[in-house]
Amino acid sequence: MAQSTAAPAPTTQSAVAPLPLKALAPWAVFFGVLMLVLLYFVGAEQGATSVLSGEGVHEWVHDARHLLGFPCH
């Protein structure tokens, strides 16, 4: 008969260390500002508040504008 040997159970558990808030804050601010810029271009980049001239940005985000409920016509 063949003897089977079980692998020893691991005795050490690796716990994930929590991220300190000071390390996470700059990334949260960066992505927050990035989302605000994206929201501006989707929602308000046309007409009197236009940063870029022409209709290029409007045409690129036209469907997203309607999907999010922004009027554009």
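Here, the structure is the one placed above.
Along the backbone of the protein there are three helices and zero strands. In sequence order, the secondary structure elements of the protein are arranged as α-α-α. Out of the 73 residues in the protein, the part that is buried amounts to 11%. Carbon and sulfur atoms provide 70% of the accessible area of the protein, an area that totals close to 6700 Å².

Another aspect to go through is the environment of Arg-65. Note that Arg-65 resides in helix α3 (residues 62-67). Residues Arg-65 and Gly-43, 22 residues apart in the sequence, show an inter-C-alpha distance of 6.2 Å. What Arg-65 contacts, discounting residues up to four positions off in sequence, is Phe-41, Val-42, Gly-43, Ala-44, Glu-45, Gln-46, His-58, Phe-70, Pro-71 and Cys-72.

Before going further, it helps to examine the packing of aromatic side chains. Enumeration according to the criterion identifies three aromatic pairs in this entry. Ring centres of Trp-27 and Phe-30 lie 6.3 Å apart, and the angle between their planes is 90 degrees; on these two criteria the pair is classed as edge-to-face. Of this pair, Trp-27 and Phe-30 are both found in helix α1 (residues 21-43), three residues apart, which corresponds to roughly one turn of the helix. Residue Trp-27 is classed as exposed on the basis of its relative accessible area of 53%. The class of Phe-30 is partly exposed, set by a relative accessible area of 46%. A ring pair is formed by Trp-27 and Phe-31, whose centres lie 6.2 Å apart and whose planes are at 25 degrees; its orientation type is stacked.

Scoring rules and cut-offs
- Residues numbered from 1 in each chain as written.
- Predicted model: local features only at pLDDT ≥ 70, side-chain atom pairs only at ≥ 80, totals over all residues.
- Heavy atoms only, no water.
- Helix = DSSP H or I, 4+ residues; strand = E, 2+ residues; numbered from the N terminus.
- Buried < 20%, exposed > 50% of the residue type's maximum accessible area, 1.4 Å probe, protein only.
- Areas by Shrake-Rupley, 256 points an atom, 1.4 Å probe, with all protein chains shown as cover.
- Contact = heavy atoms within 4.5 Å.
- Phe/Tyr/Trp six-rings, centres within 6.5 Å; stacked < 30°, edge-to-face > 60°.

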